[in-house]
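What follows is each chain in one-letter form.
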Amino acid sequence: MNAILIGRLNGAVVLCYKELKPAAAANLGAHMRGVLEQLTPGSPPRQSYSDEGINIHYSILSGVVYMAAAGKGVSVTAAMSFLQSMAGLFSVKFSPNTISVATSEAPFSSFIPEIEKLARDADTRSAMLQLQTETQEIKSQVMQSVESILNRGNKLSDIETQAADLLTRAKDIMGDAQQMNREAFWRQYSVFIVIGAIVVLFILLKIFFR
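These numbers were taken from a predicted model, which means no experiment stands behind them.

1. Concerning the environment of phenylalanine 111
Phase 1: Inspection of the secondary structure assignment puts phenylalanine 111 in the loop between helix H3 (96–101) and helix H4 (112–208).
Phase 2: On the basis of relative accessibility, which here comes to 1%, the residue phenylalanine 111 falls in the buried class.
Phase 3: Through-space distance from the C-alpha of phenylalanine 111 to that of lysine 93 is 8.3 Å; in sequence the pair is 18 residues apart.
Phase 4: With residues up to four places along the chain from it excluded, the contact list for phenylalanine 111 reads Ile6, Met86, Leu89, Phe90, Lys93 and Phe94.

2. Here's the deal with the sheet that holds strand E3 (residues 46–51)
Phase 1: Taken in spatial order, the five strands make up an open sheet running E2-E1-E5-E4-E3, and their pairing is antiparallel. The open sheet has two edge strands with one neighbour each: strand E2 (13–19) and E3. The sheet shows a mean angle of 15 degrees between the axes of neighbouring strands, direction not considered.
Phase 2: Where strand E4 (residues 54–61) meets strand E5 (residues 64–70), seven bridges bridge the pair, whose relative direction is antiparallel. Bridging across to E5, serine 59 finds its partner in tyrosine 66.
Phase 3: Packing of helix H1 (residues 28–38) onto the sheet brings it into contact with strand E1 (3–8), E2, E3, E4 and E5, and relative to E2 it is tilted by some 150 degrees.
Phase 4: Sitting on the sheet, helix H2 (residues 76–93) is in contact with E1, E2, E3, E4 and E5, with an inclination near 140 degrees to E5.

3. Digging into the packing of aromatic side chains
Phase 1: Going through the model one piece at a time under the given rule, you end up with six aromatic pairs.
Phase 2: Centroid distance phenylalanine 94 to phenylalanine 111: 6.0 Å. Interplanar angle 80 degrees. Geometry classified as edge-to-face. Of this pair, phenylalanine 94 sits in the loop between H2 and H3 while phenylalanine 111 sits in the loop between H3 and H4, and the two are 17 residues apart along the sequence.
Phase 3: Three or more aromatic residues joined by ring pairs make a cluster, and in this case those are Tyr66, Phe90, Phe94, Phe108 and Phe111.

4. Focus: H2
Phase 1: Over its 18 residues, H2 runs 26 Å from end to end, which matches the ideal 26 Å to within 8%, given 1.5 Å per residue.
Phase 2: Taken as a whole, H2 has its buried residues at Ala79, Met80, Phe82, Leu83, Met86, Ala87 and Phe90. Summarising the axial view, the buried residues of H2 lie within an arc of 155 degrees, below the 170-degree limit, and thus occupy one face. Facing away from the buried side of H2 by over 90 degrees, the exposed positions are Thr77, Gln84 and Val92.

5. Section: the environment of valine 35
Phase 1: Position of valine 35 among the secondary structure elements: in helix H1.
Phase 2: Along the sequence, valine 35 and alanine 12 sit 23 residues apart, while their C-alpha atoms lie 9.4 Å from each other.
Phase 3: Those residues within four positions of valine 35 in sequence are excluded, and the remaining contacts are Tyr49 and Met67.

Reading the values: the criteria
Within each chain, residues carry numbers counting from 1 in the order of the written sequence. Reporting of local features is limited, given that this is a predicted model, to residues whose pLDDT is at least 70; pairs of side-chain atoms are given and counted only at 80 or more, and all residues count toward the totals for whole chains, interfaces and linings. Heavy atoms throughout the structure, all of them, feed into the side-chain values; hydrogens and water do not. Under the scheme used here, helices are H or I runs from DSSP no shorter than 4 residues and strands are E runs no shorter than 2 residues, and both carry numbers assigned from the N terminus. A simple rule labels every residue: compare its accessible area, found with a 1.4 Å probe on the protein chains alone, to the largest value its type can have, and call it buried under 20%, exposed over 50%, or partly exposed in between. Any two residues whose heavy atoms approach within 4.5 Å at even a single point are treated as in contact. Criterion used throughout: strands pair if DSSP finds at least two bridges between them. Axes here mean lines fitted to C-alpha atoms, for a helix over just the part in contact, with angles spanning 0 to 180 degrees between N-to-C directions. Here a Phe, Tyr or Trp ring, Trp counted by its six-membered ring, pairs with any other such ring whose centre lies within 6.5 Å, and the pair is stacked when the planes are under 30 degrees apart, edge-to-face when over 60, and tilted otherwise. Expected helix span is given by 1.5 Å per residue-to-residue step, counting one fewer step than there are residues. Here the arc refers to the directions that run from the helix axis out to each C-beta atom.

Below, the structure is given as structure tokens:
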């Protein structure tokens, strides 16, 4: 949270203001006081809007305006939860009569440390939520990358299978070609081979049966 403001709706009296990050925006306090002055009993009880890079959130409860200025990293849900917590603490600490007769911030100065602690806790929760979101995004990206790799692996496996099939087919074709060559060789030279075999057999018979 960059700054908080608690004000009474009736009379637009600022009861408590604390700027937690002085360099957050120029004239932030004046801007938030201006928002308080514009609110009426007919205004929306809860509202969020963006102005000059800062998100302004407010909630009206029992005639008291709880307002926070936060950076873009703080969600509306987180900001409204912070305002609700602040309203609960404030309403317990200060009576409706004290609030209704107040004309300055003096009676509520003791609430500043509680606001600071509450804001730190809210910032911590917001940072943790942001970290979880980023972690989830990284996890999602990693899962997508792994899935992509697995898909590519499946495609490579398909290619390897296809390559193996092609190699088998190529070997079969080569075997068929060799067989066809052998058959062609036998068809072409079978007569000469048979004649040669007969001649060799005849010679061997003459040698052994002399």
